[in-house]
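Examination of the molecular architecture
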Amino acid sequence: MDEQQEMKVKNPWHRPHIFLVAFGISVGIIIMVAIAVVQNKPLHQKYKYGIVLDAGSSHTSVYIYEWPAEKENNTGMVRQKHACSVKGKGISSYSGTPEKAGESLKECMDEAKKTIPKQRHQETPVYLGATAGMRLLKMDNDIASEKVLASVETSLQTYPFSYQGARIITGQEEGAFGWITVNYLSENFITASGTVGALDLGGASTQITFVSGQEVESLDNSIDFRLYGNDYRLYTHSFLCYGKDQVLKLSLEQQIKPKLDVTDNIILEDPCFHPGYEMNKSFQSVFDSPCVKMVTHSKTGQTFKHKGIGDWKKCQEAITKVFNTSYCRYSRCSFNDVFQPPVKGRFGAFSAYYFVMNFLNVTTDNSLDDAKKKLGSYCTTHWNTLKQKHPGVKEKYLSEYCFSGTYIITLLEDGYKFTPEDWKNTNFIRTIKDSEAGWTLGYMLNLTNMIPAEAPDTPLLPFGGYVSLMLVLSLLIFVCLILGYIFFRRPSGPAHKEII
Ligand SMILES: O=c1[nH]cnc2c1ncn2[C@@H]1O[C@H](COP(=O)(O)OP(=O)(O)O)[C@@H](O)[C@H]1O
Ligand SMILES: [Ca+2]
């Protein structure tokens, strides 16, 4: 073997298959590292949490939200991780025993402690917002409402989270944050699809919020937001006393009123309740609210017979009377002298809108006329038939669906002036992408500054693209190195001589 031959054996780069193997192994390693980076990323992702308590008039819900820490400002990143329904009634029902209001939250808050990883407890904000039930209690008995709020505050402060306050939110906030929630979850702030209006029906109040594009003639009904680089002027109104439970009281009061002086044994034949339905109810249960103006001390402790007759047309006539449309100081009104521009665009209707319409199986796939027909036939169904058909449904809810469904259609059509076309543009929704529609998410996003006014700077490439690019660049560098090695080594080494 001469010197040149010996050099050829010693220098592996002169054997193409060795070069290929080395190249293959290196590429394999690079790909494996890249895959490992992509795969392991979620494991290292840090999540943040937030808790919002929705202290509604009928009950309290505790919502836990979760989001990846480094994507705080990206729209649609916050999702509902968990929801807990507090046992018993809303906090305003504890006006006589305020200390019990705080106690009632224990089970759900203990659940929150288990749901959120321990190392995140301290940094997790907790907010409590009370809505129309507490607004009414405040009107009725300011001291009692303060005591109830103090009680829930004391209770929430015993938890390891970062307590941020318990307060009664305004009707405007309730409407606007419901609108933010729906549009944030639908990712409408970053696409050109336009926004969706929000319809929220509670037990004690109801909210309507949308971008009208027209002048808002009353300051109370106008809210401006700058979100992700776009300006929005919202029309919003919250009707206190027009939640479905309070409207039922209003409607009963109106039907009872003419009978009060006529007879002592009042039998109320109610078209909004089913034939065969008969229940003794106390006057107190109707007159115990500041929404019902009439005070009849003489009847305290007495009862009346509430009897269903199931007549949808008459029911709608009775409900229409709770809207005052005789006076409007603006260019146009919904009802009760409240300014409202014509409704516009698509709407998402949630909370009791959804519960009621979902139970009745009425969707906006039905035309407005068909929906009315369906409701009409439902209302005439005998009470016993219904109870047999729905043994698992709470009797109070079951008995009131005819009334509530009729109220919803009347509110939309006569109250807000929805046309059959607007009806078609409305969706009854409970959740969007598994997060419940309601004011709580929007409230938290706002208080934690998670909805920036300007669009956040987006990275040039998504993470996957970034990894691919890095991979291609590493390969290029690798190939260049190899070629460089081969190229620069030849002139000085014996291999070069061999070619000559
Ligand atoms: O499963 C259900 N079927 C019918 N109505 C329901 C159901 N769950 C909740 N609701 C009703 O939804 C309404 C929720 O109102 P909420 O308690 O949020 O009052 P608020 O928003 O006026 O303060 C109440 O009228 C309650 O009775
Ligand atoms: Ca509510």
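Residues numbered from 1 in each chain as written. Chains lettered and ligands numbered in written order. Predicted model: local features only at pLDDT ≥ 70, side-chain atom pairs only at ≥ 80, totals over all residues. Heavy atoms only, no water.

1. A short note on the sheet that holds strand E7 (residues 205-211)
- Across the sheet, which stays open at both edges, the six strands sit in the order E8-E9-E7-E6-E13-E14 with mixed pairing between neighbours. Two strands in the sheet have a free side with no partner beyond their single neighbour: strand E8 (222-227) and strand E14 (426-428). Within this sheet the neighbouring strands show an average axis-to-axis angle of 20 degrees, counted without direction.
- Strand direction decides the pairing type here: E8 and strand E9 (residues 230-240), joined by six bridges, are antiparallel. Within E9, the residue paired with Leu-227 across the bridge is Asn-230.
- Contacts from helix H5 (residues 132-140) reach E7 and E9, with the element oriented near 55 degrees to E9. (Pairing = 2+ DSSP bridges. Helix = DSSP H or I, 4+ residues; strand = E, 2+ residues; numbered from the N terminus. Axes fitted to C-alpha atoms, helices over the stretch in contact; angles between N-to-C directions. Contact = heavy atoms within 4.5 Å.)

2. Observations regarding the UniProt feature "binding site: ATP" (unreviewed entry) in the chain
- Mapped onto this numbering, the UniProt entry gives "binding site: ATP" (unreviewed entry) at Gly-203, Ala-204, Ser-205, Thr-206 and Gln-207.
- Tracing the chain through its elements places Gly-203 in the loop between strand E6 (197-201) and E7.
- In this structure Gly-203 comes out as buried when scored by relative accessible area, which is 13%.
- Once residues lying within four places of it in the same chain are set aside, the contact partners of Gly-203 are Ser-57, Gly-243, Lys-244, Asp-245 and Gln-246.
- Residue position: Gln-207 is located in strand E7.
- Excluding its chain neighbours within four sequence positions, the residues that come into contact with Gln-207 are Gly-171, Glu-174, Gly-175, Ala-198, Leu-199, Asp-200, His-237, Ser-238 and Tyr-416.
- Within polar-contact distance, the side chain of Gln-207 engages the side chain of Glu-174 at 3.3 Å. (UniProt positions renumbered as here; feature names shortened; annotations may be inferred. Buried < 20%, exposed > 50% of the residue type's maximum accessible area, 1.4 Å probe, protein only. Polar contact = N/O pair within 3.5 Å; in protein donor to acceptor, adjacent residues only side chain to side chain.)

3. Some remarks on the site of ligand 1
- Taken together, 17 residues surround ligand 1, and among them Ser-57, Ser-58, Thr-131, Ala-204 and Tyr-401 come closest.
- Interatomic distance of 3.4 Å between a side-chain N/O atom of Lys-244 and an oxygen atom of ligand 1.
- Here Asp-245 contributes a side-chain N or O atom positioned 3.0 Å from an oxygen atom of ligand 1.
- In the complex, the protein chains occlude 87% of the 580 Å² of accessible area that ligand 1 would expose alone. (Near = heavy atom within 4 Å. Areas by Shrake-Rupley, 256 points an atom, 1.4 Å probe, with all protein chains shown as cover.)

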